[in-house]
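Topology and contacts: notes
Listed below are the residues making up each chain.
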Amino acid sequence: MTLRAVTGFEFGTTAGWVTGNAGNKIVDTATAGCTVTTSTPRGTGTYCLDITASAAAQGVEWTTDTIGTSQNRLRAVFAIRFVGSLPAGGTQVAFVDSGSSALIKYDSVGTRLQVQIEGGSNVNASSTVVADTWYVVEIYLDTSANPHTLDWWVDGVAQTQATSAVAAGTIG
């Protein structure tokens, strides 16, 4: 496995994120409302990515330009915190386009993080989510065989694996 991108957002700005060449840009897409800020709360360091909820979909996207082509395994680690209160509805936290999309979501009914590989069942985290608390989420997606598998951890605790009966393929 090859490390493709690491960022702690210590650049202090989103300027130039999507304009670098394929080997140097940080993200492929950043929608309006995504800022790098020194505002608290943040984990460690001086800056954090702030995605302010609104009626419009907001977020950043990594595609084959930043993760490379012909990959069939992906490991990602990120920290998330719902500031002030939990979302009223289900919320997509992260998305991996693997030919059979892998989703990391917040489930407002069970107040838990949840994963799903398209065509498979939703798999809930073992613990509930609390507002104003940092959670470190780690995922390992393997699309090299049928079924595709998604192993995941929340704060270092292994969660139930998600699977989907899909032919072997690549991510992106």
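Right, let's walk through the structure included here.

Procedures and definitions
- Position numbers for residues start from 1 in each chain and track the written sequence from start to end.
- Local features are withheld for residues below a pLDDT of 70 in this predicted model, meaning they are given only at 70 or higher, and side-chain atom pairs are given and counted only at 80 or more; totals for whole chains, interfaces and linings count all residues.
- For side-chain calculations, the full set of non-hydrogen atoms in the structure is used, while hydrogens and water are omitted.
- Two strands are counted as paired when DSSP detects at least two bridges linking them.
- Numbered from the N terminus, helices here are DSSP runs of H or I no shorter than four residues, and strands are runs of E no shorter than two.
- Only the stretch in contact is used when fitting a helix axis, every axis being a line fitted to C-alpha atoms; angles between N-to-C directions are given from 0 to 180 degrees.

**Let's talk about the sheet that holds strand E8 (residues 112-117)**
One key point about sheets: their strands pair by backbone hydrogen bonds, in either a parallel or an antiparallel sense. On the basis of which strands lie adjacent, the open sheet formed by four strands has the order E6-E7-E8-E9 and antiparallel pairing. The sheet is open, and its two borders are formed by strand E6 (91-96) and strand E9 (123-128), each paired with just one other strand. Within the sheet, the average angular offset between the axes of one strand and its neighbour, ignoring direction, is 20°. In this sheet, E8 lies alongside strand E7 (residues 102-107) in antiparallel orientation, the contact comprising six bridges.

**Side note on unusual backbone geometry**
The omega torsion of the bond from Asn 146 to Pro 147 falls at 10°, within 30 degrees of zero and hence cis. Looking at the secondary structure, you find Pro 147 in the loop between strand E10 (135-142) and strand E11 (148-154). A positive phi is found at Thr 111, a non-glycine position, where the angle reads about 45°. Looking at where Thr 111 falls in the secondary structure, it is placed in the loop between E7 and E8.

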